[in-house]
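# Structure at a glance
So you can see what is in the structure, the chains are spelled out below.
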Amino acid sequence: MTYSGAVKVGGRADVHELTDLMISKVAVGPMNNNAYLLRCRATGEQLLIDAAAEAGTLLRLIGDDGIASVVTTHRHGDHWQALGEVVAATGARTYAGRYDAEGIPVPTDVLVDDGGTVRVGEVSLTARHLVGHTPGSIALVYDDPHGAPHLFTGDCLFPGGPGRTTQPKEFNSLMDDLEAKVFDVLPDETWIYPGHGNDTTLGAERPHLAQWRARGW
């Protein structure tokens, strides 16, 4: 079936099948968080992005093969409610941005810096530190050698604009980082997987950068 990225809490996962990687997207919890299970096709190793809520749902998605690691995109509580239970059940290594790890109650095994690498089997993801929504938010880029890049943005970029900020300096910081580390270096075909809601592409969002700057959110 064709992947759409449209999922709902209590519904089935949607699976994006790439040449080297399978990406399963599921919505969980009262804030409709997205969680993403990445599976390396060559090795079967799995990685979870954001154990947001509903540990039972996530563990069923993970299945008997378990996960090697779980990445928390940022410190906000709706993105780690199920982290402790998932880690206890799987023994997974935990990853988070260096400047957000202190705000996540489950200990972080690996502190991630800008440009750092997170691996799942033979697949490599590159971290991008985006400051503004939180001090240590990270996005993960999969530069697919067989097609367009894929970018997991947490709450830093959504269809229609950047993530929530509370002060002008935070908004400006987030926009600066999004432009320098995302829009300026990745092509329009880049697929965006956000922390809530539907997917988008950089090409769909790029024409609106000036509008976002002008409105200030």
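The preceding data block contains the structure.
Description of the structure in this document. (Residues numbered from 1 in each chain as written. Predicted model: local features only at pLDDT ≥ 70, side-chain atom pairs only at ≥ 80, totals over all residues. Heavy atoms only, no water.)

### Some thoughts on the packing of aromatic side chains
In this structure the tally under the stated criterion is 7 aromatic pairs. Summarising the aromatic geometry, the rings of Tyr36 and Phe152 are spaced 5.4 Å apart at their centres and angled 70° between planes, so their arrangement reads as edge-to-face. Of this pair, Tyr36 sits in strand E3 (residues 33-40) while Phe152 sits in strand E11 (residues 150-154); the two residues are 116 residues apart in sequence, bridging distant segments of the chain. In this structure Tyr36 comes out as buried when scored by relative accessible area, which is 2%. (Phe/Tyr/Trp six-rings, centres within 6.5 Å; stacked < 30°, edge-to-face > 60°. Helix = DSSP H or I, 4+ residues; strand = E, 2+ residues; numbered from the N terminus. Buried < 20%, exposed > 50% of the residue type's maximum accessible area, 1.4 Å probe, protein only.)

### Notes on the sheet that holds strand E9 (residues 123-129)
Reading across the sheet, the 6 strands line up as E8-E9-E10-E11-E14-E15 and stay open at both edges, with mixed pairing between neighbours. At either margin of the open sheet sits one strand with a lone partner, and together these are strand E8 (117-120) and strand E15 (200-201). Across 4 bridges, E9 lies against strand E10 (residues 138-142) in antiparallel orientation. Counted as the bridge partner of Arg128 is Ala139 from E10. (Pairing = 2+ DSSP bridges.)

### A closer look at the pairing of E3
With 7 of 8 residues buried, E3 is to be regarded as a mostly interior element. Here strand E2 (residues 21-28) pairs with E3 via 8 bridges, running antiparallel. Following the sheet pairing, Ile23 is matched in E3 by Leu38. Turn length for the E2-E3 hairpin, with the two strands adjacent in sequence and antiparallel, is 4 residues, and the turn residue Gly29 shows positive phi of about 80°.

### Considerations on the nonpolar core
The biggest cluster of nonpolar side chains holds 23 residues, and the ones touching the most others in it are Leu48, Ala51, Leu58, Ile67, Val70, Leu83 and Val86. Elements with a contribution of two residues or more to this core: E2, E3, helix H1 (55-62) and helix H2 (83-90). With residues up to four places along the chain from it excluded, the contact list for Val70 reads Leu48, Ala51, Leu83, Val87, Ala92, Arg93, Thr94 and Tyr95. (Core = buried A, V, L, I, M, F, W, Y, C linked by side-chain atoms within 4.5 Å. Contact = heavy atoms within 4.5 Å.)

### Thoughts on H1
By the burial criterion, the buried members of H1 are Ala55, Leu58 and Ile62. For H1, the arc enclosing every buried residue in end-on projection is 65°, short of the 170-degree limit, so these residues lie on one face. The secondary structure elements touched by the buried residues of H1 are E2, E3, strand E4 (46-49) and H2. Gly63 sits one or two positions beyond H1 and adopts a positive phi of about 75°. (Arc of directions from axis to C-beta.)

### Here we look at unusual backbone geometry
Positive phi, close to 70°, is recorded for Asp50, a residue that is not glycine. Unusually for a residue other than glycine, Glu54 sits at a positive phi of about 55°. Within the secondary structure, Glu54 is located in the loop between E4 and H1.

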